[in-house]
Structures are given as structure tokens and as C-alpha cells.
Amino acid sequence: MSRRKKVEDAITAINQGPKVLKLYMEMCARCGTCASQCPVYYAKPEKDINPVIRSDLIRAIYKKLSTTSGKLMGELVGARDFSEDDFEKWAEDFYECTGCRRCATYCPFGIDNSVITRKGRAILHELGLTPAVMQRVVDISLETGNTDGASPKAFMAAIEFLEEEMKEEHGIDIKIPVDVEGATYFYVPPSGDVLVNPEATTGIAKVFHVLGMADQWTMSSKCFDGANYGLFTGDDASMKADNKLYVDEAKRLGAKVMLMGECGHAYRIMKMMMEPAKWWGDLPFEITNCLQWTAIHIKAGRLQFDKTMNPMPVTYHDPCNFGRSCGIVDEPRIILEASCLDFREMYPNRGDNWCCGGGGGLSAMDTILDFRMEITGKKKMEQIRATGAKYVAAACSNCKRQLIQLMEYHNEDIVVGGVHDMLSRAILINGKAAQRIDYESGVAVESESG
Amino acid sequence: MSTFAFIVGGILPGIAVVIFIVGMVYRLSVWLKIPQPGRMTLFPASEGTTKAVVAEALFFPSLFRGDRVLWTFAWVFHATLALVALGHIRVITGFVDRVLMAMGMSAEGIATMSGTVGGIAGVILFATGTLLLIRRLTMQRVREISGLPDFFALLLLIAIIFTGDMMRFGAHFELEQTRIWARSLVTFSPQIPQHGMFLTHALLALLLIMYIPFSKILHFGGIFFTQSLIKRR
Ligand code: SF4
Ligand code: SF4
């Protein structure tokens, strides 16, 4: 099929849905509110960055192909034809939106420009123009089941290491069960929370241990990464294929609950897309996430903490996918307030929070590092600085990667990590918190109250 | 009767109403039909989706949080427009008068109120419409996304408002004529007021009515769809 035909087909297909996209093609009032609330436009108020201009890349062709006025009056009504040369520019433009959906929160009509961005990326995918870094993540994930391309063996080694670590911290065996059929809970973290910043996973293991439920959960040596970059490249087929691996694994294990880890977009795909749209029919398990799960047990008074293990000022960055898109905002705060001495909000927060600047998969793109550090992450840097926090918790591997780079790039002495990381350091097991070697200084951290 | 008056006052109203209704029904039926797999909810989302959507349509709370200045212009503009639309129903049907009289108002009272409220509303509309236009022309983030259709829609509205105001403040026009005209249209024996300003006002307004289903102004119907998709709990 010719390139032209592919693009035309993809854009006329909007007439068949999804409903949001069709509506967005027809009813933007062009009031400019979205631009004033977009993290990218905030740092770079230029025409190409204006959400409406980006969305018009698709809208103009839609008008040309699918509306009478567009066919008759062309540019006068904002309809435009396209040329084959446009797409190189598209590949830049559509990867300059972080898909954070902040524009939709403030648009008087709730027009979500990220939906149009994803459509643009889907067309780029059709044309084989997805940025190579992004395509590689999708490919690796489909090949190995995780975005890091780690083998089951490497995974097992990492788990063993974590178990040893916990033994050192607490002097007892705390298990991380793997491939246990019949376990109630199937924990699906982002692979980063096993391989890169594993404290979130030790935190989960400790919660199960304290609750006396250590034999009721499991991880999978094949499926340990909820991250799914098909969402970001607009490639539905890959997104579903990747998703199916996890749903099938949950079925194979016979789990009753799929417990999603600290990864916003992974949870969103499961909870807001796969489940309600019934990609795989009715599910024999329910879907929740570790933040909600842990928060319930904290509220019920089943977990105790030594907050002095986390004496530094801690703030929480609401990942767009967990906060704005899934409404998981109170739970991480319950965990952080229980386990940290000095928890501070950053403003605005929750559903109004600004994107870290790495959303929509951008955080994996070191090809645009400067852009992410100077532009998309600018507002976030200002917000974090204003809190005075020394530790930023983010329940999302993508956010964490972006924020860690942001702190390095701007020479800020601020640590970035997960939410359960804080819990892992402060939770009491047999009355005692972890005896831990501080990562930065190499000195054992002593509890002040202990 | 001039041909112009006959076209504007006799033929166009029917055409405009048909185009408007067919156009909007078509839009709505398509919007209703198209599937939406997956959920697009934006949080915080309240329990009452309908309530939240109606609130958005009436008070623009999202815009209020997003751009306070625009909210002021836009809300005053739209609210006044709604009021003026009610006033026009009164002018052409007499239905509103009967309701007001039932509530105990005298005919003179109604006429005075209509004169005062209508007059003020006309001025407010012209002022806020002009402010919206100035905003579109001067503010970078709005100017760079403004095209011909955006200016056309706004200028058309301002022209309608201006000619309407002129009938009240300039070229005086007897309101009773519009009722006779409206009634005559329903019985297909048009009695058209021979009044230049009236005919211009009517022509522009009818153009607008026909234009709505094909323009961004259909956001007044679309808002219920887009907002319920993101407010759905
Ligand atoms: S805020 Fe909404 S209506 Fe206004 S320009 Fe942006 S997308 Fe269009
Ligand atoms: S989704 Fe976020 S980055 Fe993209 S246009 Fe909207 S506000 Fe800007």
C-alpha cells in the first residue's frame, strides 16, 4: 500500500471511532487554554509546540478528506492536503507531547490532545517512522516480555539478591515467591523496580511478610514488566500482544488479583483500557495496584513504621497516568505520610499536577535529552525546587528515569525513588526497621527512635 | 415587497431551520453511534457524571481553573447570549409574556424590563464579543491558532449583535412586527417587516444558524459528549 493511501485510510478511519477522536476533530473552539496549561508550551511558547497546532496536523487532513467544507474551501476552513515530506516533521512534533492530558483537564470541552498525539504516532508507526529508540523498546518487550530485555535467569538472580539484601536488613528470611501457581496475588511491577530501583519490590515483599501473607503472592520469571510502549508508539497491535502475555500469565498462575506495581501507564492500560474494553473477554481475576493495596492495610492499622528512618523532607510527584488518568492520588500519600517524618506536597498536585516531562514514553528517548531537561521538565524542576524536598517519590518508572536525569542535569542534590522504597526503609518487622547501609554515604543508617 | 426582503424574511427562515435541524441531528446521531472502547476518565471525577457535565455546560468550571480572564469574557458572553436567546423567543412568540403575566407582571412592566434588560444585554454582548476578538488578535497563543473560520464566526456574531443593538438604539423598530412576521411564516403567508436593519440582522442570524452544524460553534452540543466521556466515573 502506498504511503499516501495508508495515511488517508488511517485518518478517514476516525469516522468509525473512537468517539473521543471524532469529537476532537470537529469541535475545538480554538480558545488557547490548553497551551497555557501544557508543560511543553510553558517552557517553549512557540507555534509548533502549541497543542492545537500539533493536533491540527491530523485535523487539517481529516477536514480535507472527510468534510464537505474542507473539500470545497480547503485552507480557508483549515483543511490541508499533505505531502510525503511532512512526516519527518511529524516524527518530531508528535514526540514533543508528553501525553500528560493536562490540557484536557482545563479545556472547557475536555479535549484531550494526547489522544490526537497518539493517533499521529500511530500513523508514524504505519509508515515505519517511529523513532528508533522507541521501536526498540517495543520490539525488545515483545521478544522477552520486558522492556529491559532481561532473561528469566537474570530476573532470578536479581530476586535472590533482593532476598539476601532483606535478610541483611532484618536478619530474617523474607521471601519473594516466583512462579507459584495458585497464589492469590500476581505482582506485576515495572522491570525497573526489580533491576534498577528494587526497593519498591522489597517494600512489597515486606508488606506481604508482615501481613502473614508471604505464601499468597507471586511474581513471574517471564512476566515481570507491566511497561507497555505500544501505548506510546500508538501501535495497538503490539500494545495488545504485550498485554496478552500478562493476562495469559495471570490465568496460567490462577491468580485472583493482578497487583500492578508502581507504574502508571501499565496500570492505566490494564484498568482503563483492557478491562473495560474487554480485549480478552471477562477476566477470572480483578485488577488493583500496590498503592491501593498497601494503603488499605495501613489504614486498617496492620503495618507499623519507624518514620525516623526517613527523616529528610519527602515530596510526591503524581505520575499523570496514576493521578490524572486513574485517580490514584490519596493512596501514595497515605503510604508516604505513614513512613516519612516530613512529607510535603508540591503544588499543584493530584489531578492538576504537572508532568515530569518524560510522559508518553519520552523518558526513554535520550536522543532528545536536552529537550526533556530544558523544556518538558522545566516546570517540574521549578515545582520540586519549591518544596525544598530532598527525596522525590514517584510511583512510576518512566517518571523516575526522567526525574533522576533532571536532578543530575540541573545539579540538584535530590534523590528520586519510589513510594514503597520509603515504606521498605521504615516498616517495622518484629518491631524493628531495616538496618540499612545508606546508598550515597555508605554509612549505616541508625533509627533515631530505636 | 422587495425580492431581498422576500428571500430573507420569507424563504431563508425555513431553509435555515431545516439545515440546522438536519445538520445537528446528523451530528448527534453520529456522535451517539460511534464506539468508545476503554475509559477516558480524568480525575478527580465526581460520582455524579450528569451533574458535572451540566455544571460544565452552565458555568465552565474547567475553564475557570485554566484561564480566569478568558473565563470572565466567555462566561459573560455565553450567559448573556442565552438570555438574549430567551428574549428573542419572547419577541417572536409571546409565550414568555404569557408566563410573565401569569406571574403577575403588567404588559408595560414587561416592555420596560425587556427594554432595559435587552438594552444592557446588547451592550454587554458587543463589549465581550469585541474583547474576545481583541484577545484573539493580540495574544500569541491564541493568534497562532486562529484561522479564517475562527474570525468569521466571531465577526459574524459581532455583526449580528451590532445590527441587533442598532435596532434598539438607532433605527427604531417596532417589536410587534416580529410577532406578526413569525406567525405569518407558520401559515406560509409571509408578512415581512420592510426595515433595512431588521432584514440585515435577520439575514446574518439565519446565516449563523445554518453555519452552526458545520462549524466549531457546534461545541454547544458537543460539550455534553466530550465532557461526559472524561467525567464518566
Ligand atoms: S483548550 Fe480545548 S477548545 Fe480551547 S484551544 Fe485547546 S483544545 Fe481547543
Ligand atoms: S498532553 Fe500534555 S504535553 Fe501533550 S499537549 Fe496536552 S498538556 Fe501538552
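The paragraphs below set out a description of the structure included in this document. Only a predicted model underlies this, so the values are computations on that prediction, with no experimental measurement involved.

Moving on: the side chain of A:T201. As for its placement among the helices and strands, A:T201 is situated in helix 13 (residues 199-210). Excluding anything up to four places from it in sequence, A:T201 contacts A:L162, A:I176, A:Y187, A:P189, A:D193, A:V194 and A:M219.

Looking now at the site of ligand 1. Close contacts around ligand 1 come from 13 residues, with A:C28, A:C31, A:G32, A:C34 and A:C107 the closest. Residues belonging to the shell around ligand 1 are distributed by class as follows: nine nonpolar, three polar and one charged.

Another aspect to go through is helix 16 (residues 264-277) of chain A. Residues and elements named next belong to chain A. With 14 residues, helix 16 should cover 20 Å at 1.5 Å per step; its first-to-last C-alpha distance of 18 Å lies within 8% of that length. The largest bend in helix 16 amounts to roughly 25 degrees and is located at M270. Turning to helix 16, its buried residues number three or more, namely G264, H265, A266, Y267, R268, I269, M270, M272, M273 and M274. Structurally, helix 16 contributes buried residues whose contacts are with helix 14 (230-233), helix 15 (236-253), strand 3 (257-260), strand 4 (286-289), helix 17 (290-299) and helix 21 (397-409). Trailing helix 16 by a residue or two, K278 shows a phi angle of about 50 degrees, which is positive.

Quick look at the interface of chain B and chain A now. Across the boundary between the two partners, chain B contributes 43 residues, which contact 51 residues of chain A. Summed over both sides, the interface between chain B and chain A buries roughly 3,900 Å², with carbon and sulfur atoms accounting for 61% of that surface. Summed over the three residues of chain B that lose the most area to chain A, namely B:F43, B:E144 and B:I145, the buried surface amounts to 16% of that side. One can count three salt bridges joining chain B with chain A. The partner of B:R65 in a salt bridge is A:D352, and the shortest N-O contact between them spans 3.0 Å. Counting the contacts that link chain B with chain A gives 26 residue pairs in polar contact (both at pLDDT 80 or more). Elements with a contribution of two residues or more to the side of chain B that touches chain A: helix 1 (3-33), helix 3 (61-66), helix 6 (107-138), helix 7 (140-143), helix 8 (148-169) and helix 11 (219-231) of chain B. A total of eight residues in the side of chain B that touches chain A trace back to one element, the largest contributor, which is helix 11 of chain B. When grouped by side-chain class, the residues that make up the side of chain B that touches chain A number 21 nonpolar, 11 polar and 11 charged.

In this section: the pattern of salt bridges. Enumeration over the complete set of coordinates arrives at 39 salt bridges over all chains. Of the charged contacts, one joins A:D81 and A:R4 as a salt bridge, the two residues approaching to 3.4 Å between their closest N and O atoms. Of the two residues, A:D81 is situated in the loop between helix 6 (68-73) and helix 7 (86-93) and A:R4 in helix 1 (residues 3-12); the sequence distance between them amounts to 77 residues. Classification of A:D81 as partly exposed rests on a relative accessible area of 45%. Relative accessible area serves as the criterion here: at 29%, A:R4 is assigned to the partly exposed category. Taking the shortest distance from any N to any O, the salt bridge between A:R333 and A:D318 comes out at 2.6 Å. Placement of the pair is A:R333 in helix 18 (residues 330-339) and A:D318 in the loop between strand 5 (313-317) and helix 18, with a sequence separation of 15 residues. The exposure class assigned to A:R333 is buried, which follows from its relative accessible area of 3%. In this structure A:D318 comes out as buried when scored by relative accessible area, which is 1%. Three or more residues are tied together by salt bridges with common partners; here these are A:R30, A:D56, A:R59, B:D150 and B:K216.

Conventions adopted
- Residues numbered from 1 in each chain as written.
- Chains lettered and ligands numbered in written order.
- Predicted model: local features only at pLDDT ≥ 70, side-chain atom pairs only at ≥ 80, totals over all residues.
- Heavy atoms only, no water.
- Helix = DSSP H or I, 4+ residues; strand = E, 2+ residues; numbered from the N terminus.
- Contact = heavy atoms within 4.5 Å.
- Near = heavy atom within 4 Å.
- Nonpolar A, V, L, I, M, F, W, Y, C, P; charged D, E, K, R; others polar.
- Expected span 1.5 Å × (residues − 1).
- Bend = angle between axes of the 7 residues up to and from the residue.
- Buried < 20%, exposed > 50% of the residue type's maximum accessible area, 1.4 Å probe, protein only.
- Buried area = accessible area lost by both parts, 1.4 Å probe.
- Salt bridge = Lys/Arg side-chain N within 4 Å of Asp/Glu carboxyl O.
- Polar contact = N/O pair within 3.5 Å; in protein donor to acceptor, adjacent residues only side chain to side chain.

Such coordinate-based values are descriptive only and should not be taken to indicate function.
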